Amino acid sequence: MIRIKKCKRIAAMAAMACLFSSGITMGYVVSAAPAMPATPLISRDVPAYASDGQAQAANDANYRTCWRGAAPGWLAYDLSKVPAKDKGKAILVWYSDSYDYDPTIKHRLSYGNLTSYTIEINKAAGGTLPEKGWQVVADVKDNVYHSRQHEIDLTGANWVRINVAAVDNAGGNNASINVDIHNVKNGAYDDWIVYGDSITAGSGNLSGSPYGPAGQIVNAANENYYPIFECGGTGSIKSKDGAKKMDEWLSIFPGHYVGIALGTNDSWGQANGMEKYYKNMEIMVQKILAAGKVPVVATIPWSSEPGVADNAPNYNAKLEELYKAYPAIVKGPDFWNIFMGHKEWLSPDGVHPSPAGYGIMRAEWAKTMLAEKRKGKSAQITPELAKAAWLKKASDNADSGQLTKGEQEEIRLQKEKHAKDNN
(Lines give C-alpha, C1' and ligand atoms only; values in the text may rest on other atoms or scores of the structure.)
Protein backbone atom coordinates (compact mmCIF):
# COMPACT_ATOMS: atom_id res chain seq x y z
CA MET A 1 0.00 0.00 0.00
CA ILE A 2 1.23 3.45 -0.87
CA ARG A 3 1.82 5.80 2.05
CA ILE A 4 1.93 9.49 1.22
CA LYS A 5 3.07 11.68 4.07
CA LYS A 6 0.56 14.27 5.19
CA CYS A 7 2.62 17.20 3.94
CA LYS A 8 3.07 15.58 0.53
CA ARG A 9 -0.64 14.83 0.28
CA ILE A 10 -1.56 18.42 1.10
CA ALA A 11 0.99 19.69 -1.42
CA ALA A 12 -0.36 17.35 -4.10
CA MET A 13 -3.91 18.50 -3.54
CA ALA A 14 -2.87 22.14 -3.50
CA ALA A 15 -0.98 21.71 -6.77
CA MET A 16 -3.96 19.93 -8.27
CA ALA A 17 -6.25 22.78 -7.30
CA CYS A 18 -3.89 25.33 -8.83
CA LEU A 19 -3.71 23.53 -12.16
CA PHE A 20 -6.71 25.32 -13.54
CA SER A 21 -8.02 27.42 -10.65
CA SER A 22 -11.34 25.63 -10.88
CA GLY A 23 -12.17 26.47 -7.33
CA ILE A 24 -11.73 22.86 -6.16
CA THR A 25 -9.81 23.07 -2.91
CA MET A 26 -9.87 20.03 -0.65
CA GLY A 27 -13.03 18.95 -2.46
CA TYR A 28 -15.05 22.15 -1.97
CA VAL A 29 -16.13 24.69 -4.58
CA VAL A 30 -14.99 28.29 -4.06
CA SER A 31 -17.56 30.59 -5.61
CA ALA A 32 -15.00 33.22 -6.67
CA ALA A 33 -13.16 30.76 -8.93
CA PRO A 34 -13.60 30.89 -12.72
CA ALA A 35 -15.68 28.29 -14.51
CA MET A 36 -14.39 25.05 -15.97
CA PRO A 37 -12.44 25.60 -19.24
CA ALA A 38 -14.35 24.05 -22.12
CA THR A 39 -13.17 21.29 -24.48
CA PRO A 40 -15.23 22.04 -27.62
CA LEU A 41 -15.88 19.20 -30.04
CA ILE A 42 -14.57 20.36 -33.43
CA SER A 43 -14.96 17.21 -35.55
CA ARG A 44 -18.74 16.73 -35.51
CA ASP A 45 -19.99 16.11 -39.07
CA VAL A 46 -16.89 17.46 -40.81
CA PRO A 47 -16.22 15.74 -44.17
CA ALA A 48 -14.90 12.25 -43.50
CA TYR A 49 -13.11 9.81 -45.82
CA ALA A 50 -12.08 6.19 -45.38
CA SER A 51 -10.33 3.37 -47.18
CA ASP A 52 -13.67 1.53 -47.04
CA GLY A 53 -16.86 1.53 -45.00
CA GLN A 54 -19.06 4.46 -43.97
CA ALA A 55 -16.61 7.15 -42.84
CA GLN A 56 -19.32 9.60 -41.75
CA ALA A 57 -20.56 7.10 -39.17
CA ALA A 58 -17.43 7.84 -37.13
CA ASN A 59 -18.24 11.48 -36.41
CA ASP A 60 -22.00 11.88 -36.61
CA ALA A 61 -24.06 12.52 -33.48
CA ASN A 62 -25.29 8.93 -33.15
CA TYR A 63 -22.69 6.91 -31.25
CA ARG A 64 -24.57 3.69 -32.01
CA THR A 65 -23.10 3.97 -35.49
CA CYS A 66 -19.35 3.72 -36.10
CA TRP A 67 -16.80 3.36 -38.85
CA ARG A 68 -16.29 -0.32 -39.67
CA GLY A 69 -13.29 -0.55 -41.96
CA ALA A 70 -10.95 -3.39 -42.80
CA ALA A 71 -7.40 -3.31 -41.48
CA PRO A 72 -5.03 -2.23 -42.86
CA GLY A 73 -7.07 0.85 -43.57
CA TRP A 74 -7.55 4.50 -42.70
CA LEU A 75 -10.07 7.14 -41.63
CA ALA A 76 -9.51 10.85 -42.36
CA TYR A 77 -11.24 14.11 -41.41
CA ASP A 78 -11.17 17.37 -43.37
CA LEU A 79 -10.88 20.13 -40.76
CA SER A 80 -10.27 22.95 -43.23
CA LYS A 81 -13.56 24.70 -42.36
CA VAL A 82 -12.76 24.66 -38.62
CA PRO A 83 -11.57 28.16 -37.62
CA ALA A 84 -7.84 28.41 -36.91
CA LYS A 85 -8.57 29.66 -33.39
CA ASP A 86 -10.31 26.34 -32.67
CA LYS A 87 -7.37 24.23 -33.70
CA GLY A 88 -3.98 24.31 -32.00
CA LYS A 89 -3.74 21.96 -29.05
CA ALA A 90 -6.29 19.17 -29.37
CA ILE A 91 -7.16 15.70 -28.13
CA LEU A 92 -8.20 12.98 -30.55
CA VAL A 93 -10.14 10.24 -28.81
CA TRP A 94 -11.33 7.02 -30.39
CA TYR A 95 -13.88 4.65 -28.89
CA SER A 96 -14.21 1.08 -30.15
CA ASP A 97 -17.30 -1.10 -30.13
CA SER A 98 -15.67 -3.54 -27.71
CA TYR A 99 -16.84 -4.34 -24.17
CA ASP A 100 -13.80 -4.54 -21.89
CA TYR A 101 -11.54 -1.52 -21.50
CA ASP A 102 -8.57 -3.70 -20.48
CA PRO A 103 -9.22 -7.26 -21.72
CA THR A 104 -5.76 -8.43 -20.61
CA ILE A 105 -6.81 -8.57 -16.94
CA LYS A 106 -9.25 -11.46 -17.42
CA HIS A 107 -7.98 -12.59 -20.84
CA ARG A 108 -11.15 -11.64 -22.70
CA LEU A 109 -11.92 -11.26 -26.39
CA SER A 110 -11.99 -7.85 -28.06
CA TYR A 111 -14.14 -6.58 -30.90
CA GLY A 112 -12.70 -3.87 -33.12
CA ASN A 113 -9.90 -2.47 -30.93
CA LEU A 114 -7.03 -0.73 -32.68
CA THR A 115 -3.75 -2.44 -31.79
CA SER A 116 -1.24 -0.77 -34.12
CA TYR A 117 -1.87 2.59 -35.74
CA THR A 118 -0.55 6.06 -36.43
CA ILE A 119 -2.24 9.45 -36.17
CA GLU A 120 -1.21 11.83 -38.93
CA ILE A 121 -1.86 15.46 -39.84
CA ASN A 122 -1.60 17.28 -43.14
CA LYS A 123 -1.48 21.00 -43.99
CA ALA A 124 -2.78 20.62 -47.55
CA ALA A 125 -5.88 22.56 -48.59
CA GLY A 126 -9.23 21.03 -47.78
CA GLY A 127 -11.71 19.55 -50.24
CA THR A 128 -9.55 16.84 -51.80
CA LEU A 129 -7.87 14.11 -49.76
CA PRO A 130 -4.11 14.68 -50.07
CA GLU A 131 -1.88 11.84 -51.22
CA LYS A 132 1.36 13.32 -49.88
CA GLY A 133 2.51 15.46 -46.99
CA TRP A 134 1.22 13.39 -44.09
CA GLN A 135 3.09 13.91 -40.82
CA VAL A 136 2.96 11.25 -38.09
CA VAL A 137 2.17 12.79 -34.69
CA ALA A 138 1.46 9.57 -32.77
CA ASP A 139 2.68 6.03 -33.37
CA VAL A 140 1.06 3.25 -31.30
CA LYS A 141 2.08 -0.38 -31.19
CA ASP A 142 0.55 -3.25 -29.21
CA ASN A 143 -2.37 -1.29 -27.77
CA VAL A 144 -4.75 -3.42 -25.70
CA TYR A 145 -7.34 -0.83 -24.62
CA HIS A 146 -10.76 -0.36 -26.19
CA SER A 147 -10.39 3.44 -26.33
CA ARG A 148 -7.50 5.90 -26.31
CA GLN A 149 -6.81 9.62 -26.18
CA HIS A 150 -3.95 11.41 -27.94
CA GLU A 151 -2.77 14.98 -27.49
CA ILE A 152 -1.94 16.47 -30.87
CA ASP A 153 -1.09 19.92 -32.25
CA LEU A 154 -3.35 20.96 -35.13
CA THR A 155 -1.76 24.37 -35.72
CA GLY A 156 -1.80 24.95 -39.47
CA ALA A 157 -3.28 21.51 -40.17
CA ASN A 158 -6.37 20.91 -42.29
CA TRP A 159 -6.48 17.12 -42.13
CA VAL A 160 -6.26 14.37 -39.51
CA ARG A 161 -5.97 10.69 -40.35
CA ILE A 162 -5.88 7.47 -38.34
CA ASN A 163 -3.88 4.92 -40.29
CA VAL A 164 -4.76 1.49 -38.89
CA ALA A 165 -2.22 -1.30 -39.36
CA ALA A 166 -3.81 -3.97 -37.16
CA VAL A 167 -6.87 -4.60 -35.02
CA ASP A 168 -7.94 -7.04 -32.32
CA ASN A 169 -11.35 -8.29 -33.35
CA ALA A 170 -12.65 -11.75 -32.53
CA GLY A 171 -15.44 -11.15 -35.06
CA GLY A 172 -13.25 -10.36 -38.09
CA ASN A 173 -10.58 -8.00 -39.34
CA ASN A 174 -12.45 -4.72 -39.08
CA ALA A 175 -11.82 -1.67 -36.98
CA SER A 176 -15.02 -0.54 -35.25
CA ILE A 177 -14.65 3.00 -33.91
CA ASN A 178 -16.08 6.45 -33.34
CA VAL A 179 -13.53 9.28 -33.41
CA ASP A 180 -13.90 12.72 -31.84
CA ILE A 181 -11.47 15.65 -31.81
CA HIS A 182 -11.70 18.25 -29.04
CA ASN A 183 -10.04 21.66 -28.78
CA VAL A 184 -8.08 21.75 -25.50
CA LYS A 185 -6.21 25.02 -25.93
CA ASN A 186 -7.30 25.99 -22.41
CA GLY A 187 -6.38 22.61 -20.94
CA ALA A 188 -7.86 19.12 -20.78
CA TYR A 189 -9.68 19.76 -17.53
CA ASP A 190 -13.14 18.74 -18.72
CA ASP A 191 -11.76 15.33 -19.61
CA TRP A 192 -13.07 12.33 -17.66
CA ILE A 193 -12.53 8.60 -17.46
CA VAL A 194 -14.28 6.09 -15.20
CA TYR A 195 -12.57 2.84 -14.25
CA GLY A 196 -14.98 0.18 -13.14
CA ASP A 197 -16.20 -3.39 -13.50
CA SER A 198 -18.78 -4.93 -15.84
CA ILE A 199 -21.45 -2.53 -14.63
CA THR A 200 -19.35 0.35 -15.94
CA ALA A 201 -18.37 -1.57 -19.08
CA GLY A 202 -22.00 -2.26 -19.89
CA SER A 203 -22.87 1.42 -19.75
CA GLY A 204 -21.49 1.61 -23.28
CA ASN A 205 -24.67 -0.18 -24.41
CA LEU A 206 -26.65 2.66 -25.99
CA SER A 207 -29.69 0.58 -27.01
CA GLY A 208 -33.08 0.85 -25.38
CA SER A 209 -32.51 4.26 -23.79
CA PRO A 210 -32.90 7.91 -24.78
CA TYR A 211 -29.70 8.72 -22.89
CA GLY A 212 -26.62 8.77 -25.11
CA PRO A 213 -22.99 9.14 -23.99
CA ALA A 214 -22.50 11.16 -20.81
CA GLY A 215 -20.43 13.88 -22.48
CA GLN A 216 -23.10 14.38 -25.10
CA ILE A 217 -25.77 14.65 -22.40
CA VAL A 218 -23.75 17.42 -20.75
CA ASN A 219 -23.60 19.27 -24.08
CA ALA A 220 -27.37 18.91 -24.48
CA ALA A 221 -27.86 20.48 -21.04
CA ASN A 222 -25.22 23.21 -21.46
CA GLU A 223 -24.09 24.07 -24.99
CA ASN A 224 -20.95 25.77 -23.66
CA TYR A 225 -19.42 22.36 -22.93
CA TYR A 226 -18.73 19.02 -24.54
CA PRO A 227 -16.64 16.99 -22.07
CA ILE A 228 -14.48 14.09 -23.13
CA PHE A 229 -15.82 11.01 -21.35
CA GLU A 230 -14.09 7.65 -21.61
CA CYS A 231 -15.61 4.47 -20.18
CA GLY A 232 -12.89 2.33 -18.55
CA GLY A 233 -15.02 -0.62 -17.45
CA THR A 234 -13.65 -4.17 -17.45
CA GLY A 235 -15.77 -7.19 -16.62
CA SER A 236 -15.22 -9.23 -13.44
CA ILE A 237 -12.53 -7.02 -11.91
CA LYS A 238 -12.31 -6.02 -8.27
CA SER A 239 -10.75 -3.12 -6.40
CA LYS A 240 -7.45 -5.02 -6.12
CA ASP A 241 -7.20 -5.06 -9.92
CA GLY A 242 -7.73 -1.31 -10.07
CA ALA A 243 -5.09 -0.73 -7.41
CA LYS A 244 -2.63 -2.85 -9.37
CA LYS A 245 -3.33 -1.30 -12.78
CA MET A 246 -3.94 2.35 -11.86
CA ASP A 247 -0.43 3.61 -12.62
CA GLU A 248 -0.52 1.98 -16.04
CA TRP A 249 -3.95 3.37 -16.80
CA LEU A 250 -3.09 6.88 -15.67
CA SER A 251 0.08 6.91 -17.80
CA ILE A 252 -2.01 7.10 -21.00
CA PHE A 253 -4.81 9.36 -19.74
CA PRO A 254 -4.21 13.09 -20.40
CA GLY A 255 -7.39 14.30 -18.70
CA HIS A 256 -8.19 15.56 -15.23
CA TYR A 257 -11.07 13.67 -13.61
CA VAL A 258 -10.63 9.98 -12.79
CA GLY A 259 -13.70 8.04 -11.73
CA ILE A 260 -13.66 4.83 -9.71
CA ALA A 261 -16.78 2.65 -9.74
CA LEU A 262 -15.74 -0.63 -8.16
CA GLY A 263 -17.01 -2.84 -5.37
CA THR A 264 -19.83 -5.04 -6.64
CA ASN A 265 -17.48 -7.97 -7.21
CA ASP A 266 -15.66 -7.25 -3.93
CA SER A 267 -18.90 -7.48 -1.97
CA TRP A 268 -20.64 -10.27 -3.89
CA GLY A 269 -20.77 -13.16 -1.43
CA GLN A 270 -18.04 -11.58 0.71
CA ALA A 271 -19.31 -10.35 4.07
CA ASN A 272 -15.92 -9.58 5.57
CA GLY A 273 -13.79 -7.96 2.88
CA MET A 274 -14.49 -4.31 3.68
CA GLU A 275 -11.04 -3.46 5.09
CA LYS A 276 -9.23 -4.83 2.05
CA TYR A 277 -11.67 -2.95 -0.15
CA TYR A 278 -10.99 0.29 1.68
CA LYS A 279 -7.22 -0.15 1.34
CA ASN A 280 -7.47 -0.80 -2.39
CA MET A 281 -9.74 2.21 -2.91
CA GLU A 282 -7.34 4.34 -0.87
CA ILE A 283 -4.41 3.23 -3.00
CA MET A 284 -6.24 4.28 -6.14
CA VAL A 285 -7.22 7.66 -4.69
CA GLN A 286 -3.64 8.30 -3.60
CA LYS A 287 -2.29 7.40 -7.03
CA ILE A 288 -4.77 9.72 -8.73
CA LEU A 289 -3.91 12.61 -6.40
CA ALA A 290 -0.18 11.98 -6.84
CA ALA A 291 -0.70 12.28 -10.62
CA GLY A 292 -2.24 15.73 -10.11
CA LYS A 293 -5.73 14.57 -11.06
CA VAL A 294 -9.11 14.57 -9.31
CA PRO A 295 -10.59 11.30 -8.00
CA VAL A 296 -14.33 10.83 -8.45
CA VAL A 297 -15.75 7.92 -6.46
CA ALA A 298 -19.21 6.40 -7.02
CA THR A 299 -21.04 4.08 -4.63
CA ILE A 300 -21.71 0.40 -5.30
CA PRO A 301 -25.10 0.11 -7.04
CA TRP A 302 -28.14 -1.39 -5.35
CA SER A 303 -28.82 -4.99 -6.32
CA SER A 304 -31.70 -7.40 -5.85
CA GLU A 305 -29.18 -10.28 -5.69
CA PRO A 306 -28.81 -11.19 -1.98
CA GLY A 307 -25.10 -11.90 -2.36
CA VAL A 308 -24.58 -8.23 -3.16
CA ALA A 309 -27.56 -6.64 -1.40
CA ASP A 310 -26.64 -8.10 1.99
CA ASN A 311 -23.00 -6.97 1.89
CA ALA A 312 -22.70 -3.85 -0.25
CA PRO A 313 -24.06 -1.44 2.39
CA ASN A 314 -21.06 -2.22 4.62
CA TYR A 315 -18.71 -1.64 1.68
CA ASN A 316 -20.43 1.63 0.84
CA ALA A 317 -19.96 2.65 4.47
CA LYS A 318 -16.21 2.36 3.88
CA LEU A 319 -16.58 4.80 0.98
CA GLU A 320 -18.09 7.31 3.40
CA GLU A 321 -14.92 6.93 5.48
CA LEU A 322 -12.84 7.45 2.34
CA TYR A 323 -14.70 10.66 1.48
CA LYS A 324 -13.95 12.01 4.95
CA ALA A 325 -10.28 10.95 4.88
CA TYR A 326 -9.71 12.51 1.44
CA PRO A 327 -11.84 15.65 1.04
CA ALA A 328 -10.36 16.22 -2.44
CA ILE A 329 -12.53 13.36 -3.71
CA VAL A 330 -15.48 14.46 -5.81
CA LYS A 331 -18.47 12.33 -4.89
CA GLY A 332 -19.67 10.45 -7.93
CA PRO A 333 -23.18 9.11 -8.48
CA ASP A 334 -24.79 7.44 -5.46
CA PHE A 335 -25.82 4.40 -7.45
CA TRP A 336 -26.99 2.53 -4.35
CA ASN A 337 -29.80 4.98 -3.67
CA ILE A 338 -30.41 5.80 -7.33
CA PHE A 339 -31.10 2.15 -8.21
CA MET A 340 -32.72 1.11 -4.94
CA GLY A 341 -36.07 -0.54 -5.58
CA HIS A 342 -35.88 -0.12 -9.36
CA LYS A 343 -35.83 -3.73 -10.50
CA GLU A 344 -36.89 -2.54 -13.94
CA TRP A 345 -33.45 -0.98 -14.26
CA LEU A 346 -31.75 -4.34 -13.67
CA SER A 347 -31.16 -7.36 -15.86
CA PRO A 348 -32.63 -10.73 -14.82
CA ASP A 349 -29.54 -11.50 -12.72
CA GLY A 350 -30.43 -8.62 -10.40
CA VAL A 351 -26.88 -7.22 -10.54
CA HIS A 352 -26.15 -5.83 -13.99
CA PRO A 353 -28.33 -2.99 -15.23
CA SER A 354 -30.75 -3.43 -18.09
CA PRO A 355 -30.23 -1.26 -21.19
CA ALA A 356 -32.61 1.25 -19.60
CA GLY A 357 -30.59 1.13 -16.37
CA TYR A 358 -27.37 1.79 -18.24
CA GLY A 359 -29.00 4.90 -19.67
CA ILE A 360 -29.77 6.06 -16.12
CA MET A 361 -26.10 5.52 -15.24
CA ARG A 362 -24.95 7.72 -18.12
CA ALA A 363 -27.40 10.43 -17.12
CA GLU A 364 -26.13 10.34 -13.52
CA TRP A 365 -22.51 10.67 -14.63
CA ALA A 366 -23.59 13.65 -16.71
CA LYS A 367 -25.16 15.19 -13.60
CA THR A 368 -21.89 14.65 -11.72
CA MET A 369 -20.00 16.48 -14.47
CA LEU A 370 -22.51 19.32 -14.58
CA ALA A 371 -22.16 19.79 -10.83
CA GLU A 372 -18.61 21.11 -11.35
CA LYS A 373 -18.50 24.90 -11.73
CA ARG A 374 -19.43 25.87 -15.30
CA LYS A 375 -20.43 29.03 -17.12
CA GLY A 376 -23.98 29.53 -18.26
CA LYS A 377 -27.12 27.82 -17.05
CA SER A 378 -27.50 24.07 -17.39
CA ALA A 379 -30.90 22.68 -18.33
CA GLN A 380 -32.47 19.85 -16.41
CA ILE A 381 -31.57 16.48 -17.90
CA THR A 382 -34.67 14.80 -19.29
CA PRO A 383 -35.16 11.88 -21.69
CA GLU A 384 -36.47 14.30 -24.33
CA LEU A 385 -33.44 16.60 -24.00
CA ALA A 386 -31.00 13.70 -24.23
CA LYS A 387 -32.73 12.01 -27.15
CA ALA A 388 -32.81 15.19 -29.20
CA ALA A 389 -29.02 15.41 -28.98
CA TRP A 390 -28.28 12.19 -30.83
CA LEU A 391 -31.37 10.35 -32.04
CA LYS A 392 -32.62 12.37 -35.00
CA LYS A 393 -35.71 10.33 -35.86
CA ALA A 394 -38.08 8.13 -33.89
CA SER A 395 -36.91 4.94 -35.58
CA ASP A 396 -33.40 5.46 -34.20
CA ASN A 397 -34.59 4.32 -30.80
CA ALA A 398 -37.37 1.96 -31.76
CA ASP A 399 -35.80 -1.11 -30.14
CA SER A 400 -36.52 -2.00 -26.53
CA GLY A 401 -32.85 -2.63 -25.81
CA GLN A 402 -30.67 -5.71 -26.07
CA LEU A 403 -27.70 -6.86 -24.03
CA THR A 404 -24.46 -6.85 -26.02
CA LYS A 405 -22.35 -9.97 -26.57
CA GLY A 406 -19.93 -8.76 -23.92
CA GLU A 407 -22.70 -8.26 -21.36
CA GLN A 408 -24.26 -11.64 -22.08
CA GLU A 409 -20.90 -13.36 -21.69
CA GLU A 410 -20.16 -11.48 -18.46
CA ILE A 411 -23.51 -12.46 -16.94
CA ARG A 412 -22.90 -16.09 -17.91
CA LEU A 413 -19.42 -16.09 -16.36
CA GLN A 414 -20.63 -14.49 -13.15
CA LYS A 415 -23.50 -16.97 -12.88
CA GLU A 416 -21.09 -19.89 -13.25
CA LYS A 417 -18.61 -18.40 -10.78
CA HIS A 418 -21.11 -17.77 -8.02
CA ALA A 419 -22.83 -21.09 -8.57
CA LYS A 420 -19.48 -22.75 -7.83
CA ASP A 421 -18.97 -20.51 -4.79
CA ASN A 422 -22.31 -21.63 -3.37
CA ASN A 423 -21.61 -25.33 -3.80
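Quick caveat: nothing in here was measured; it's all calculated off a predicted structure. The numbers attached to residues start from 1 for each chain and follow its sequence in the written order. Note on the predicted model: pLDDT of at least 70 is required for a residue's local features to be given, and 80 or more for side-chain atom pairs to be given and counted; whole-chain, interface and lining totals, by contrast, use all residues. Side-chain figures throughout are based on the complete set of non-hydrogen atoms in the structure, without hydrogens or water.

### Notes on the packing of aromatic side chains
Working definition: a ring pair exists when centres of Phe, Tyr or Trp rings (six-membered ring for Trp) sit within 6.5 Å. Plane angles under 30 degrees give stacked, over 60 give edge-to-face, the rest tilted. Throughout the structure, instances matching the rule amount to 12 aromatic pairs. For the pair Tyr101 and Tyr195, a centre-to-centre distance of 5.9 Å together with 55° between the ring planes defines the contact as tilted. Of the two residues, Tyr101 sits in the loop between strand 6 (89–96) and strand 7 (111–122) while Tyr195 sits in strand 12 (residues 191–196), which places them 94 residues apart along the sequence. Relative accessibility under 20% of the residue-type maximum defines a buried residue, over 50% an exposed one, and the middle range a partly exposed one, all with a 1.4 Å probe and only protein chains included. Judged by relative accessible area, which is 1%, Tyr101 ranks as buried. Both rings, one in Phe335 and one in Phe339, keep their centres 6.1 Å apart while their planes meet at 70°; by these two values the pair is edge-to-face. On the criterion of helical spacing, the pair formed by Phe335 and Phe339 is a turn pair, its members being four residues apart in helix 9 (residues 335–339). Neither Phe335 nor Phe339 differs from the other in exposure class; each is buried. Members of the aromatic cluster, connected to one another through ring pairs, are Phe229, Phe335, Phe339, Trp345 and Trp365. The ring centre of Trp134 lies 4.1 Å from the NZ or CZ of Arg161, which sits over that ring. A positively charged side chain is recorded as over a ring if its NZ (Lys) or CZ (Arg) lies within 6 Å of the ring centre. The angle to the ring normal must also be within 35 degrees. Seen from the ring of Tyr225, Arg374 lies directly overhead, with NZ or CZ sitting 4.7 Å from the centre. In this text, helices come from DSSP runs of H or I with a minimum length of four residues, and strands from runs of E with a minimum of two, each type numbered from the N-terminal end.

### A closer look at the side chain of Asp266
Following the sequence through the fold, Asp266 ends up in helix 5 (residues 264–267). Charge counting follows a simple rule: Lys and Arg are positive, Asp and Glu are negative, and His as well as the terminal groups are ignored. What makes a salt bridge here is a side-chain nitrogen of Lys or Arg within 4 Å of a carboxyl oxygen of Asp or Glu, nothing more. Look at Asp266: it is buried, it has no salt bridge, and the nearest opposite charge is Lys238 at 6.4 Å.

### Looking at the packing of helix 6 (residues 274–290) against helix 8 (residues 312–325)
Where helix 6 contacts helix 8, the axes come no closer than 10 Å and their chain directions differ by 35°. In this structure, helix 6 crosses over helix 8, and the sense of that crossing is right-handed. Touching Met274, Glu275, Tyr277, Tyr278, Met281, Glu282 and Val285 of helix 6 are Asn314, Tyr315, Lys318, Leu319, Glu321, Leu322 and Ala325, all from helix 8. Angular values range over 0 to 180 degrees, each being the angle between N-to-C directions of two axes fitted as lines to C-alpha atoms, with helices fitted over their stretch in contact. By convention the crossing between two helices is left-handed if the near helix lies anticlockwise of the far one by an angle smaller than a right angle, and right-handed if it lies clockwise. Contacts were defined at the residue level, with two residues in contact if any of their heavy atoms lie within 4.5 Å.

### Considering the pairing of strand 11 (residues 174–183)
By the criterion of burial, strand 11 is predominantly enclosed, with nine of the 10 residues buried. The pairing criterion for strands is at least two bridges between them, as found by DSSP. Where strand 4 (residues 67–70) and strand 11 come together, four bridges link them in antiparallel fashion. By the bridge assignment for strand 11, Ala70 is matched with Asn174. In the sheet, strand 6 pairs with strand 11 via seven bridges, with the strands oriented antiparallel. Note on strand 11: the bridge partner recorded for Val93 is Asp180.

### Section: the sheet that holds strand 5 (residues 73–78)
The antiparallel open sheet is built from five strands, whose spatial order is 3-5-10-7-8. Strands with a single pairing partner mark the edges of an open sheet, and in this sheet they are strand 3 (48–50) and strand 8 (135–140). The mean inter-strand angle of the sheet, taken between neighbouring strand axes irrespective of direction, is 20°.

### Things to note about the pattern of salt bridges
A full pass over the atoms with the stated rule returns 14 salt bridges. Between Lys141 and Asp139 there is a salt bridge, with its nearest N and O atoms 2.8 Å apart. Linked through salt bridges whose partners overlap, the residues forming this network are Asp102, Lys245 and Glu248.

### Here we look at the layout of surface pockets
Computed from the structure, the largest pocket encloses a volume of approximately 1100 Å³. In terms of residues, the lining of the largest pocket owes the most to one element, strand 11, which gives seven residues. When residues are sorted by character, Ala, Val, Leu, Ile, Met, Phe, Trp, Tyr, Cys and Pro go into the nonpolar class, Asp, Glu, Lys and Arg into the charged class, and all the rest, Gly among them, into the polar class. In the lining of the largest pocket, the residues fall into 19 nonpolar, 24 polar and seven charged. A cavity here means a set of 1 Å grid points, computed over protein atoms only, where a 1.4 Å probe fits but cannot escape. A pocket is an open set with protein on both sides within 12 Å along at least 5 of 7 lines, and lining residues have an atom within 4 Å of a point. Grid points are joined across faces, edges and corners, and a volume is the space filled by probe spheres set on the points.

### Regarding the packing of helix 3 (residues 214–221) against helix 10 (residues 355–370)
Between helix 3 and helix 10, the shortest axis-to-axis distance is 8 Å and the interhelical angle comes to 55°. Considering the angle they form, helix 3 stands oblique to helix 10. Relative to helix 10, the crossing made by helix 3 is right-handed. Counted together, Ala214, Gly215, Ile217, Val218 and Ala221 of helix 3 and Arg362, Ala363, Trp365, Ala366, Met369 and Leu370 of helix 10 form the full contact between these two elements. Its residues assigned to classes, the contact of helix 3 with helix 10 shows nine nonpolar, one polar and one charged. An angle below 35 degrees is read as roughly parallel, one above 145 as roughly antiparallel, one from 65 to 115 as roughly perpendicular, and any other as oblique.

### What to know about the sheet that holds strand 6
Strand order in the open sheet formed by four strands is 4-11-6-9, with antiparallel pairing between adjacent strands. Two strands close off the open sheet at either side, each with one partner strand: strand 4 and strand 9 (147–153). Strand-to-strand twist in this sheet, taken as the mean axis angle between neighbours without regard to direction, amounts to 35°.

### Some points on the side chain of Glu364
With respect to the element layout, Glu364 can be found in helix 10. With residues near it in sequence (within four places) discarded, Glu364 still touches Pro333, Phe335 and Ile338.

### Re a positive patch on the surface
Patch definition: residues above 30% relative accessible area lacking any salt bridge, with like charges linked at up to 9 Å and the nonpolar side chains Val, Leu, Ile, Met, Phe, Trp and Tyr linked at up to 5 Å. Here the Shrake-Rupley method, with its probe set to 1.4 Å, supplies the accessible areas, and only the displayed protein chains count as covering residues. Charged side chains are reduced to one point each, which is NZ for Lys, CZ for Arg, CG for Asp and CD for Glu. Side chains of Lys106, Lys240, Lys276 and Lys279 sit close together on the surface and give a patch of like positive charge. Locating Lys279 in the fold gives a position in helix 6. Judged by its relative accessible area of 46%, Lys279 falls in the partly exposed class.

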